[in-house]
Amino acid sequence: MNSPKKILLKIGKWLGIILLVLIGLFLAIVLLIRSELGQNKIVGYATDFVSDKTNTRVDIERIFITFTGNVQIEGVYLEDQQKDTLVYFRSLEAGVGFKSLLNNHIAISRIDLDGLRAKVSRSRDSTFNFDFIINAFAAADTTAKDETVDTTSSSTPTISIGPVNLTDIRLAYLDSLMGMDAHLRLGNLELSTDDLNIEKMRFELDDILLENTNVKVVQFLSPPPSEDTTSSPLPYVSFNEVALRNIEVSYQSIPDSLDAKARIGDFTIGDSELDLAVQDISIDDIKLLDSDIRIKLPAPAETDTTQSVAGSDTTTPFEWPAWKVELGQLLLDKNRITLDQGSGKAKPGVFDPAHIGLNNLSIDLQDVLLKDREASLNLENLVFGERSGFVLQKLAFEGQLQEEELEVSNFKLLTNNSELNLQLSLGYPSIDSLIANPKNNARFGIAFGETSLSVKDAYYFADSLQHDTLIQSFEEYPLSLGGGISGSYKDISINNFKANWLTATSLSINGNVKNLPDTNNLKVDFNELNVNSNASDIGLLLG
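Thresholds, definitions, all that
- Residues numbered from 1 in each chain as written.
- Predicted model: local features only at pLDDT ≥ 70, side-chain atom pairs only at ≥ 80, totals over all residues.
- Heavy atoms only, no water.
- Helix = DSSP H or I, 4+ residues; strand = E, 2+ residues; numbered from the N terminus.
- Buried < 20%, exposed > 50% of the residue type's maximum accessible area, 1.4 Å probe, protein only.
- Contact = heavy atoms within 4.5 Å.
- Areas by Shrake-Rupley, 256 points an atom, 1.4 Å probe, with all protein chains shown as cover.
- Phe/Tyr/Trp six-rings, centres within 6.5 Å; stacked < 30°, edge-to-face > 60°.
- Lys NZ or Arg CZ within 6 Å of the ring centre and 35° of its normal.
- Pairing = 2+ DSSP bridges.
- Core = buried A, V, L, I, M, F, W, Y, C linked by side-chain atoms within 4.5 Å.
- Polar contact = N/O pair within 3.5 Å; in protein donor to acceptor, adjacent residues only side chain to side chain.
- Salt bridge = Lys/Arg side-chain N within 4 Å of Asp/Glu carboxyl O.

Enquirer: Outline the overall build of the protein chain, supporting the account with residue identities and numerical values.
Expert: Along the backbone of the protein chain there are 9 helices and 27 strands. Across the 543 residues that make up the protein chain, the buried fraction comes to 29%. Once local pairs closer than 6 in sequence are excluded, the contacts in the protein chain between residues at least 24 apart make up 56%. Taken as a whole, the protein chain presents about 33500 Å² of accessible surface, with 58% of it coming from carbon and sulfur.

Enquirer: So what about the packing of aromatic side chains? Which residues, and what values?
Expert: One pass over the full model with this rule turns up 9 aromatic pairs. Note on Phe390 and Phe461: the rings are 5.3 Å apart at their centroids and 70 degrees apart in plane angle, and the pair reads as edge-to-face. You can see Phe390 sitting in the loop between β19 (374-386) and β20 (391-401) and its partner Phe461 sitting in the loop between α7 (456-459) and α8 (469-472), a full 71 residues away along the chain. Here Phe461 falls in the partly exposed class, since its relative accessible area comes to 47%. Here the aromatic residues Phe351, Phe384, Phe390, Tyr460 and Phe461 are joined through ring pairs into a cluster of three or more. Above the face of the Tyr236 ring, Arg202 is positioned so that its terminal group lies 3.9 Å from the ring centre.

Enquirer: Can you lay out the pairing of strand β8 (residues 164-175) for me, pointing to particular residues and giving the numbers?
Expert: Where strand β6 (residues 117-122) lies against β8, 6 bridges are found, and the strand directions are parallel. Residue pairing in the sheet places Val120 in a bridge with Tyr173 of β8. Sheet analysis places β8 next to strand β9 (residues 180-197), joined by 11 bridges and oriented antiparallel. The residue of β9 that forms the bridge with Arg170 is Arg185. In sequence, β8 turns back onto β9 through a hairpin of 4 residues, with Gly179 there showing a positive phi of about 70 degrees.

Enquirer: Requested: an account of the nonpolar core, with residues and values cited.
Expert: Counting 43 residues, the largest nonpolar core has Leu166, Ile363, Leu382 and Phe384 as its most contacted members. Apart from residues lying up to four places away in sequence, Ile363 is in contact with Leu330, Leu331, Leu332, Leu379, Asn381 and Leu382. By size, the runner-up hydrophobic cluster in this structure holds 6 residues, among which are Trp320, Leu370, Tyr428 and Ala442.

Enquirer: Can you tell me about the environment of Ser291, naming the residues and giving the values?
Expert: Relative to the assigned elements, Ser291 resides in the loop between β15 (280-289) and β16 (292-297). Judged by relative accessible area, which is 3%, Ser291 ranks as buried. Measuring from C-alpha to C-alpha, the distance between Ser291 and Gly265 comes to 4.9 Å, with 26 residues separating the pair along the chain. Other than its neighbours up to four places away in sequence, Ser291 contacts Arg263, Ile264, Gly265, Asp266, Lys334, Asn335 and Arg336. Of the polar contacts made by the side chain of Ser291, one reaches the backbone nitrogen of Gly265; its length is 3.0 Å.

Enquirer: An account of the environment of Ile247 is needed here, citing residue identities and associated values.
Expert: Tracing the sequence through the fold places Ile247 in strand β12 (residues 241-253). Classification of Ile247 as buried rests on a relative accessible area of 5%. Apart from residues lying up to four places away in sequence, Ile247 is in contact with Leu210, Glu211, Asn212, Thr213, Ala262, Arg263 and Ile264.

Enquirer: Tell me about the pattern of salt bridges, and name the residues and values.
Expert: In total, this model carries 17 salt bridges according to the counting rule given. Of the charged contacts in the structure, one is a salt bridge between Asp266 and Arg245, with a shortest N-O distance of 3.8 Å. Within this pair, whereas Asp266 is found in strand β13 (residues 258-269), its partner Arg245 is found in strand β12, the two being separated by 21 residues in sequence. Residue Asp266 is classed as partly exposed on the basis of its relative accessible area, which comes to 23%. What you see here is one network of salt bridges that share partners, running through Arg90, Asp114, Arg117 and Asp168.

Structure below.
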């Protein structure tokens, strides 16, 4: 009688033999497919089958199974009915988990696509240049149209996609119906996913990298109005990181006289969760570096301001957005943004809102929050140089907006000529009451830190000032402020307010002013009021 040990050894021996046979059989099949004989058979059958169905030229260089079990196809060419290239690619490698199909899940373990060329077009009668392929493989048996198919128990399969790598992709799309001509030159795209559920509109992604890509879109006709009135559920999207590097985008709308160009040096969005159905957005960080964005718009249409509209003085009640938004950081560094409206040119040295040019734009915005009828943010830094010559060296503050209060703390503004530091608070019964009647419903408080204001900064925004000889005499004398002011429109408290100007002119006030602006009942109570100057300053003021 055999011992259990001998039985296990014998079973192991036979399992080993079976495993070796299966491995050998797999290798033999792979080698047969990769052989010249196998290639001739497989490629010949595939090209003849598709070519006979479509009556167009079809070429395939190789089809084989890799040693990892993936299918690889090389040198595929398919022409359209005008004998022009419809689709061509150098190489495609893909792996599919067939076992997961039994569980209504499509698992694609890998996709590598290189050298894709495709030309897609749609005519004004809404037919595409690839419709002949769909028609060729449509079922010939029309009796199936009369059969009733029960789809109540079926569901859309979930999808997971492993590493996807697309390289050297060129696509052209001409839509004569929608009036669009689009071209894509894609250098490299890498992405992977956790779960894609189209039925539930749930898309869980890992990482996406797009680089060395050029996109050009020309809208040469105004698209017709959409006839689709169906609504789709809003999606849920999550991802670890989306990165765009060395991207060029060009969009031109001829009917709208709109021209936009963007060169994206480095753009990333960090760990994010976007649940649009419940209006909940959470983003770890957004970064835009070394980029150039240029937008040209048509001149604004002239509006008739002489006619008043009945009821135009009514205000719309304020409503807090129903969204919950969280953004950890928005970081912009070394960017250029140009916005031109109309065909004119800006006057040198003067700010022109129709021709804005921001150079070296950098922003560090942190802790952005919108939820539960409250909004807050922390602007660490905003820096730019404007085309006119105006330079903002720093803008920073912490802001919080609530239903009954607005607070701005640690406000700092620094230019080449001026510096402003202050704390600001604004109280009100409600935002609606503030909008409807700010004079009677607002209480404020302003406390100045180290502040020095120069008239030179005003030259960029009011060109006439720099030609005024009186104003010119004040150029070298910035106005210094300190202290605070609080109260309401009618009653103001002045707390140790100080102003210094010119060579020896100063103002110091501490007290209260009540019943503004009613001059008949005006009450002024100054505990301190000091005004000092000299003959030289008075001479400057008198011109």
